[in-house]
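# Descriptive analysis of the structure
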Amino acid sequence: MFGWVHKDTGRRRFRKAFNMRARGNVKSTEMSGIALYGMCGDCVYPPGHPEQKVYEDSPEVECAAVDKDQAKRVWLDAKKMGEASPDISKRLRIKRTYIEHQSRGGWLRPLSRDTKNKDSGAPCIVIIDEYHAHPTSEIHDVLYSGFGKRQQSLMAIITTAGKDAENSPCKKEYDTLCCKILDGEIVDEGYFVMIRELDEDDDPHDEALWVKANPILQEDNEYSRILLEQIRDEHNKAYGSGDPDKIREFLIKRCNRWQSDSERKYMSGCMDQWKTLAIPRKEFLELVRGRECWVGVDISKCIDLTADAFVFKLDDGRYAVTAHGFMPENTATKHEHGDRVPYKAWAKEGWCSLTPGDVTDDEFIQSHIMDKELDEGWKIKEVCFDPYGARALANNMDKKGYTCVEIRQGVQTLSEPTKKFREMVLTGRIVHDGSPLLTWCLSNAVEVVDNNGNIKLSKKHKDDSQRIDLASATINAFVRALLSAGETDWQFGAV
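Report on the accompanying structure. (Residues numbered from 1 in each chain as written. Predicted model: local features only at pLDDT ≥ 70, side-chain atom pairs only at ≥ 80, totals over all residues. Heavy atoms only, no water.)

Let us look at the pattern of salt bridges. Evaluated as defined, the whole model comprises 28 salt bridges. For Arg232, the salt bridge goes to Glu207, with nearest N and O atoms at 2.8 Å. Of this pair, Arg232 sits in helix α6 (residues 222-241) while Glu207 sits in the loop between β10 (191-195) and α6, and the two are 25 residues apart along the sequence. For Arg232, a relative accessible area of 29% gives the class partly exposed. Residue Glu376 pairs with Arg289 through a salt bridge whose shortest N-O separation is 3.1 Å. In this pair, Glu376 sits in helix α12 (residues 362-376) while Arg289 sits in the loop between α9 (281-288) and β11 (292-298), placing the two residues 87 residues apart along the sequence. Glu376 sits in the buried class, given a relative accessible area of 14%. Within this structure, Glu56, Glu60 and Arg150 form a network of salt bridges that share partners. (Salt bridge = Lys/Arg side-chain N within 4 Å of Asp/Glu carboxyl O. Helix = DSSP H or I, 4+ residues; strand = E, 2+ residues; numbered from the N terminus. Buried < 20%, exposed > 50% of the residue type's maximum accessible area, 1.4 Å probe, protein only.)

If you trace the backbone, Ser224 turns up in helix α6. Residue classification places Ser224 among the buried positions, given a relative accessible area of 4%. One polar contact links the side chain of Ser224 to the main-chain carbonyl oxygen of Glu219, over a distance of 2.6 Å. Among residues more than four places away in sequence, those in contact with Ser224 are Ile216, Leu217 and Glu219. (Polar contact = N/O pair within 3.5 Å; in protein donor to acceptor, adjacent residues only side chain to side chain. Contact = heavy atoms within 4.5 Å.)

If you look at the biggest cluster of nonpolar residues, it comprises 62 residues, and the most contacted ones within it are Tyr266, Trp274, Phe421, Ile430, Leu437 and Leu442. With nine residues, helix α16 (residues 469-484) is the single largest residue contributor to this core. If we skip the residues at most four places from it in the chain, Trp274 touches Met267, Phe421, Val425, Ile430, His432, Leu438, Thr439 and Leu442. (Core = buried A, V, L, I, M, F, W, Y, C linked by side-chain atoms within 4.5 Å.)

Another point: the sheet that holds strand β5 (residues 92-94). The eight strands lie next to each other as β5-β6-β7-β4-β8-β9-β1-β10, forming an open sheet whose pairing is mixed. Of all strands in the sheet, those with a lone pairing partner are β5 and β10, marking the two edges. Each adjacent strand pair in this sheet contributes to an overall mean axis angle of 10°, direction not counted. Note: strand β8 (residues 125-129) against strand β9 (residues 154-159), five bridges, orientation parallel. Residue pairing across strands places Val126 opposite Met155, the latter belonging to β9. Its contacts with the sheet put helix α2 (residues 68-84) on β4 (60-64), β5, β6 (99-101), β7 (105-111) and β8, and the angle it makes with β7 is roughly 135°. Along the sheet face, helix α5 (residues 169-182) touches β1 (16-20), β9 and β10 and points at about 100° away from the line of β10. (Pairing = 2+ DSSP bridges. Axes fitted to C-alpha atoms, helices over the stretch in contact; angles between N-to-C directions.)

What follows is the structure, encoded as structure tokens:
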């Protein structure tokens, strides 16, 4: 942030900085030193005469956070540093409740949204701590609007990743500016951006990659060794418990990955593991050829995506899963634009079928199930259906000799199988054929939780285009597969 100045003016190059690192990487401590520099040494170097540096008069350094306690963290660290340094303490007047320069005045103060008169100053340095926790950009905007009264004001944002709330100002800054600056999509020579995070395709179980979000692990000292042990312990407890909340917390705080915790994404923290359980489709078909299976069906609106899914119990205790989608051909283009996924390309690759006309008739799903029985030798134990939209299909298949079982959609029926499926993903007891459509549906699914901790899958909103149909069909089949295998003791058929 301080490595460059403009050669014509001597002023700092950067007026804003975004510094995102995982917890424990001394962000606040670093900012405390910068806050003290802002009070003692912040200056402009006149071009051609750097020895005639001009210090800020009445320096104003704001340590801003979402609440008073957080705002005081950087301020208190700076206070302790200043008191411990003879060189700094002789320049500053450091008292219990305020810090000012001995001769030039000004202040170094904590600032939160509860502080009055936030817009009355002319800050030279602003530190915004843990921006991910800010519900609005109020403090950021008010303090940044005070720039222009000084020659080279600097705003330094420090944060870890957070929960991807729709209105998070930090996530918006991350998405719309910071990542695009790093990717070269936006050129802003006055904005310094450093984001330390595990990449999307990185394995959070690989300890060698943790340094990407935790640069202090590169150091060979006692602190870095203790931090590594702590991260390892949190990883083992989170994934060992299978608790999605603990996994989300580990991914946020230690891997520095944004999570959609506010939406309670069903597979949050599990999608990386899910992807590692995929095998090539040809290998998958050989694995399940001639085996018994349970079929799950999810039929919502026939003008949208519908699905069937097949679940197999393998000899080694694992479960094999595959699912297929159906989309009306005449609405596929519209749904590609609205859902932002390539249904037509997926249809060419065999992951879904585009059915003629404007709606998907039940006969296409029925034929797909029967074709799998004939072509692959799959022995269909039961057809498991949601009574809301698939009763007609179930009646037809019942007449053809198939055993059809109604899967009631209450949490008492769905909760344990839904939790068990996720647990089996985490423990490696699921294998699948890598369907991008099923993977997309699983990534969209939100869990609805009742007061007793029971869950079931849902879309974020009733009319949301982030569809979950293949995931729902899979769980419907999984209900009966688990029951038949004796892996559950809950009462089937409850509301």
